[in-house]
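As a plain string of letters, each chain reads:
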Amino acid sequence: MSQTINVDLSEGQAIGETVRIVMGTLFGRIQSGEYPTASRLPSERALAAELGVSRNTVREALDVLEMRKMIRRRQGSGSFVIFQTEQIEAPIPGSVGERSSPLDHLIVRSIIEPEMTRLAVMNMTPKQLDRLSKTIVQIEAVRTDLNEFIRLEEEFYRQIAQATRNPLLESCYEMIIEACRQSFRTALMRKHLTPDRIQDFQTRFNSLFNAIAARDLEAAVEITKLHLVEEQKLFMHES
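Conventions and cut-offs
- Residues numbered from 1 in each chain as written.
- Predicted model: local features only at pLDDT ≥ 70, side-chain atom pairs only at ≥ 80, totals over all residues.
- Heavy atoms only, no water.
- pLDDT = per-residue confidence, 0-100.
- Helix = DSSP H or I, 4+ residues; strand = E, 2+ residues; numbered from the N terminus.
- Contact = heavy atoms within 4.5 Å.
- Buried < 20%, exposed > 50% of the residue type's maximum accessible area, 1.4 Å probe, protein only.
- Expected span 1.5 Å × (residues − 1).
- Salt bridge = Lys/Arg side-chain N within 4 Å of Asp/Glu carboxyl O.
- Axes fitted to C-alpha atoms, helices over the stretch in contact; angles between N-to-C directions.
- Parallel < 35°, antiparallel > 145°, perpendicular 65-115°, else oblique.
- Left-handed = near helix turned anticlockwise from the far one by under 90°.
- Nonpolar A, V, L, I, M, F, W, Y, C, P; charged D, E, K, R; others polar.

Undergrad: Looking at this model, I keep getting lost on the confidence of the model for the protein. Mind explaining?
TA: The predicted coordinates should not be examined in detail at positions where pLDDT is low. In the predicted model, the protein carries a mean pLDDT of 83, and 83% of its residues have values of at least 70. For the protein, the element scoring lowest by mean pLDDT is helix α9 (residues 184–192), at 61; helix α6 (residues 126–141) scores highest, at 95. Low pLDDT, under 50, characterises residues 1–8; the stretch is placed with 22 contacts to residues that sit more than four places away or in other chains.

Spelled out as structure tokens, the structure:
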């Protein structure tokens, strides 16, 4: 598997909020494969119209992306993607990841995750809670790096599974993570996780952490269920 690539698009620069949002949107499309390596981006005029910003704003965003070696601009020809996106790990022939459908994933997660959260609220130790808190801080620091966000999401749920004190449940959830990693979901998340959606996920994860920390079993389970509903909506939209 390729290594995760971390890119700070704003490092060492004072960038306006609108420019930052345009940068994040374009970079998200590049990482998701919507704008694949060697492809030409839409024109500045087209991007400005689509995103509802000025051409100067688009030009500033493209300047930074070029400086960060995401794109190369050719006078008279346009902007071309040069960033190499991480390849999705192919499922092993005959593996659970290959044989599992999107509906299979959603059904199993809807069965396991609420109960997993309930047990974690009851059993999580202060040390485990502190570790989960640090993972939340890392999640909230992500802006546009989809690979890093997906990795931290896996780690967040892995820690919740570990806190159940049920080795069998923990092993079952590790299998779910592995199957998701080799399946449609990683590609789907990379395609649809815009900076705004990342922010929505961050808010939900933070709410779930707060409910777990407060030992509010009912709230934690409800937040988990609502998050699964949102993922189902994403899947239904794709279908």
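That shown, we press on.
Undergrad: Is there a simple way to think about the side chain of Ser 79 in this case?
TA: The residue Ser 79 is located in strand β2 (residues 78–81) in this model. Classification of Ser 79 by relative accessible area gives buried; the value is 8%.

Undergrad: Where do I start with helix α7 (residues 146–163) in this structure?
TA: Turn by turn, an α-helix covers 3.6 residues, leaving residues three or four places apart pointing in a common direction. Given a rise of 1.5 Å per residue, 18 residues ought to cover 26 Å, and the 26 Å separating the end C-alpha atoms of α7 matches this to within 8%. Most of α7 sits inside the fold, with 16 of its 18 residues counted as buried. The first or second residue beyond α7 is Arg 165, which carries a positive phi of 60 degrees.

Undergrad: In this structure, what is going on with the environment of Lys 69? I would like to understand it.
TA: Relative to the assigned elements, Lys 69 resides in the loop between α3 (55–67) and β1 (71–74). Linking Lys 69 and Phe 83, residues 14 residues apart in sequence, is a C-alpha distance of 6.7 Å. Those residues in contact with Lys 69 that lie beyond four places of it in its chain are Ile 82 and Phe 83.

Undergrad: So what exactly am I meant to see when it comes to the pattern of salt bridges here?
TA: Should their charged atoms come close, side chains of opposite charge can pair. Applying the stated criterion across every chain, the model contains 15 salt bridges. Where Glu 155 meets Arg 158, a salt bridge forms, and the shortest distance between an N and an O atom there is 3.1 Å. In this pair, Glu 155 and Arg 158 are both assigned in helix α7, 3 residues apart and thus about one turn of the helix distant. Owing to a relative accessible area of 18%, Glu 155 belongs among the buried residues under this scheme. Of the residues examined, Arg 158 reaches a relative accessible area of 15% and is grouped as buried.

Undergrad: Whenever I open this one, the packing of α6 against α7 confuses me. Can you help?
TA: Any two packed helices are characterised by how steeply their axes cross, that is the angle between the axes, and by the distance between the axes. The geometry of α6 relative to α7 is characterised by a closest axis approach of 10 Å and an angle of 165 degrees between their N-to-C directions. Relative to α7, the element α6 is oriented roughly antiparallel. α6 and α7 meet at a crossing whose hand is left-handed. Touching Gln 128, Arg 131, Leu 132, Thr 135, Ile 136, Gln 138 and Ile 139 of α6 are Phe 149, Leu 152, Glu 155, Phe 156, Gln 159, Ile 160, Gln 162 and Ala 163, all from α7. Here the contact of α6 with α7 is composed, by residue class, of 8 nonpolar, 5 polar and 2 charged.

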